[in-house]
Amino acid sequence: MSTSSVSKGCFVFKPTAKKRKPSPGIENYFINGCDAAGNSQERFKLCHDLWTSIKTDTESLQEELNRKILDSLLHFTGKCSSTRQQSDWASRMRASEIPTAALVLGVNVPDHDMTFQSLSDLLQQSVTPHVVSLQAKECSALKLLMRRVLERIMGTAVADDEDEEEVEQSSAPLHTSVHCSLGTLCNWYNSVTKVSSTPGKKRSSLAKDRQQPPVVIIFKDFEAFNPKVLQDFILICSRYVQHLPLMFIFGIATSPSTIQHMLPHSVSSLLCIELFQSLSCTQHLATVMDKLILTSQFPFKLNGKVLQVLVSIFLYHDFSVRNFIKGLQLALLEHFHSEPLSVLCCEKKEALLNVKQLDSDQLERIRQLPSFVRFLETQDAEERDDLLKNDAHLKEVASNMIKSLQKYHKNYYPVLRVLHTLTSALPRYPLGKQIRELHLICLEKNVWENQDYLSAIKLLKMLAKEELTSLLQGCAEILRSSKSKKMKSAQAQLEELVNKFKELDAAAMDAPQDADEVFTSPIKNLQKKTDLFQLKKALLEMNESRRSKKQSPFETLRNDTVEFIDSLVKTHLSPPESQTLFEVCYYTSSASIRRHLNATPRISIQAALTSPYYYLQNERLKAEDGSVSNSAPDICIAYKLHLECGRLINLYDWLEAYATVVSAAEGVDPESENFGKVDEVKHARFIRAVSELEFLGFIKSTKVKTDHVARLTWGGC
């Protein structure tokens, strides 16, 4: 750039704004990194549509689960707001008491944000516009707590005493800031809620309630707040409660007794507390699994190992349903990203259409699937050759397999629920109390080969008539909701069995009593004093008579019913691996899920310190396996040297070895006097590297020897 002028001068040229390239979207990342990129766009669309459907159902389900507790809280806030306006307010609640809702949400802390967000939205829509949510990390002091409350309710900047002094000294006054006190909030509230009365008209009580809405303050993580800060804030609020309709909501993760532990009686007595208990996280998980996993609505499935990883993370780490759903989303994304045949993981009509559009490479992938290889082994030589060479015939067979897989899912889940209904009523729950436990057993192997299943069948053959009839009616109700023809037929047979139980008359049920008398007759005929031979003979006779006993009509019908249930289980509850082409719908990489969700930071850090080239991508850092370049970062060199030491490391020897390696990296002549010499710069760099290793937990100071440090880890990557 240049310019011309009569006189010399200084000219300023503003740099031209460069247009930024639009960042690639999720679709581009998905498509570019996919295997078999030919159908990656279709797979991304299927993945996106399927996750959108799952997300919509999940959100509606969570709203339904939280509706009861949220409605109770809305009723509580509305009741407190209306009670304030009535004349008998003092008789119901002391003037200095603040209505408080203690909301016990459980230890699934990651799910609390969603609940409080829904609660805040509902309060603003139907009760009051003055709602503020607080977290402990932003309210470490009383001044900060007061500032957050005023800023979020009044929507303006708040200045404390120090800020006001700075404003007075500065030339530019702060026009938008207000004083940080509840008195300021009271004045603002009165100005906002003040309504000029219309002459000749009286305001209704409802209108009056709306003109004076409460000020709701939500403490999301009550246990994390500083008790002293909470106490001071509650004491201050109690002085203004007659002029300002305050209301608290405490989010409690552990127990309601936390309030008494954190607040002394002099402070807790200023609160009018009402307890609210949310749905337990285990019940929440059971409902989510019932709607998302134990259903044939969604074609995407998890195999037993992947589901076990997600359930284990839930039960042993965070109890978070939100994180469980994120794990499900990760599995869905991984499946469509890494499995080219996932283009068939969709609804029946679309899947059959996609089968017809498969190219030769995708058909070859079908031939290489383990389930299809097993299927080929069961065919004769002619059919096997036709499937391996004729693409048109393979497409036809693959279409039938997709239909069979869809039918398998439609029959599997109703029968699974039937079996769970029957076995969950048995003592000690032989197949698990939760349906997810039974589902995991069925995913691993044939459930009828399980010893616990055999025990459950024996217990079912001992149920009383009323209990068995009630369970069968519940099973028939489950099958009634299924659209499968086989399930409709099974429902009709179950209802027929229930009717047969009802038709059994009392005489048929009383018939076994005479036989029981025959069984006990050998014992009755024994002499008062008998020897071991006579007793053994009597017991043998009783055993023989019991074996030859004729079953009653009820026992015969009960055995037939249990055998019918057993046949249903053996027909429809085979594991998914028994189905051909199950790989297109089932995600099986449990190791990938565990690696992403259960991070191992120590292994990752050791890998980075041992092989820095793969993280920094610097050509100078390339080295042979098991060695670290002398040009590596100081911490990598120090880490590599400390691996050669024992339990105690001499700091001076460590420093000399470090200086030798660094001197070689700097190109110092090994024959010179300065090679390996420790100067101030190398000393400082070494101290910094050792401090970082101590911070990462590889070493610690020890009192055994003052010039030594103790090594805390063993083995490297």
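Residues numbered from 1 in each chain as written. Predicted model: local features only at pLDDT ≥ 70, side-chain atom pairs only at ≥ 80, totals over all residues. Heavy atoms only, no water.

**Student:** In this structure, what is going on with empty space enclosed by the protein? I would like to understand it.
**Tutor:** Think of a ball as big as a water molecule: rolled over the atoms, this probe shows where empty space is left. The final tally for this structure, using the stated rule, is two cavities of 30 Å³ or more. Reported here for the largest cavity is a volume of approximately 190 Å³. What lines the largest cavity is a set of 16 residues, and nearest its centre among them are Asn66, Asn108, Asp111, Thr115 and His284. Going through the elements one at a time, α2 (40–85), α4 (112–126), α12 (281–292) and α14 (321–338) are the ones with two or more residues in the lining of the largest cavity. Each residue belonging to the lining of the largest cavity can be placed in one class, and the counts come to six nonpolar, eight polar and two charged. Roughly 100 Å³ of internal volume is contained in the second largest cavity. (1 Å grid on protein atoms, 1.4 Å probe; cavity = no way out; pocket = protein on both sides within 12 Å on 5 of 7 lines; lining within 4 Å. Points joined across faces, edges and corners; volume = space filled by probe spheres on them. Helix = DSSP H or I, 4+ residues; strand = E, 2+ residues; numbered from the N terminus. Nonpolar A, V, L, I, M, F, W, Y, C, P; charged D, E, K, R; others polar.)

**Student:** What's the story with the nonpolar core in this structure? I'm lost.
**Tutor:** Note that soluble globular proteins tend to have their nonpolar side chains buried in a common cluster. Core analysis: the biggest nonpolar cluster contains 107 residues, and Leu302 and Phe372 have the highest contact counts within it. In terms of residue count, helix α19 (residues 391–423) provides more of this core than any other element does, 14 residues in total. For Phe372, the residues in contact, after removing those within four places along its chain, are Ile366, Arg367, Leu387, Leu394, Met401, Thr580 and Leu581. Core analysis: the next-biggest nonpolar cluster, separate from the first, contains 40 residues, Ile98, Phe219, Phe233 and Leu246 among them. (Core = buried A, V, L, I, M, F, W, Y, C linked by side-chain atoms within 4.5 Å. Buried < 20%, exposed > 50% of the residue type's maximum accessible area, 1.4 Å probe, protein only. Contact = heavy atoms within 4.5 Å.)

**Student:** How should I be thinking about the packing of helix α31 (residues 634–642) against helix α32 (residues 651–665) in this particular structure?
**Tutor:** Each packed pair of helices is defined by two parameters, the angle between the axes and the distance between the axes. With their axes 10 Å apart at the nearest point, α31 and α32 run at an angle of 125 degrees to one another. By the angle between their directions, the pair α31 and α32 is classed as oblique. Once α31 is placed against α32, the crossing between them reads as right-handed. Contacts between α31 and α32 involve Asp634, Ile637, Ala638, Leu641 and His642 from the first element and Trp654, Ala657, Tyr658 and Val661 from the second. Residues belonging to the contact of α31 with α32 are distributed by class as follows: seven nonpolar, one polar and one charged. (Axes fitted to C-alpha atoms, helices over the stretch in contact; angles between N-to-C directions. Parallel < 35°, antiparallel > 145°, perpendicular 65-115°, else oblique. Left-handed = near helix turned anticlockwise from the far one by under 90°.)

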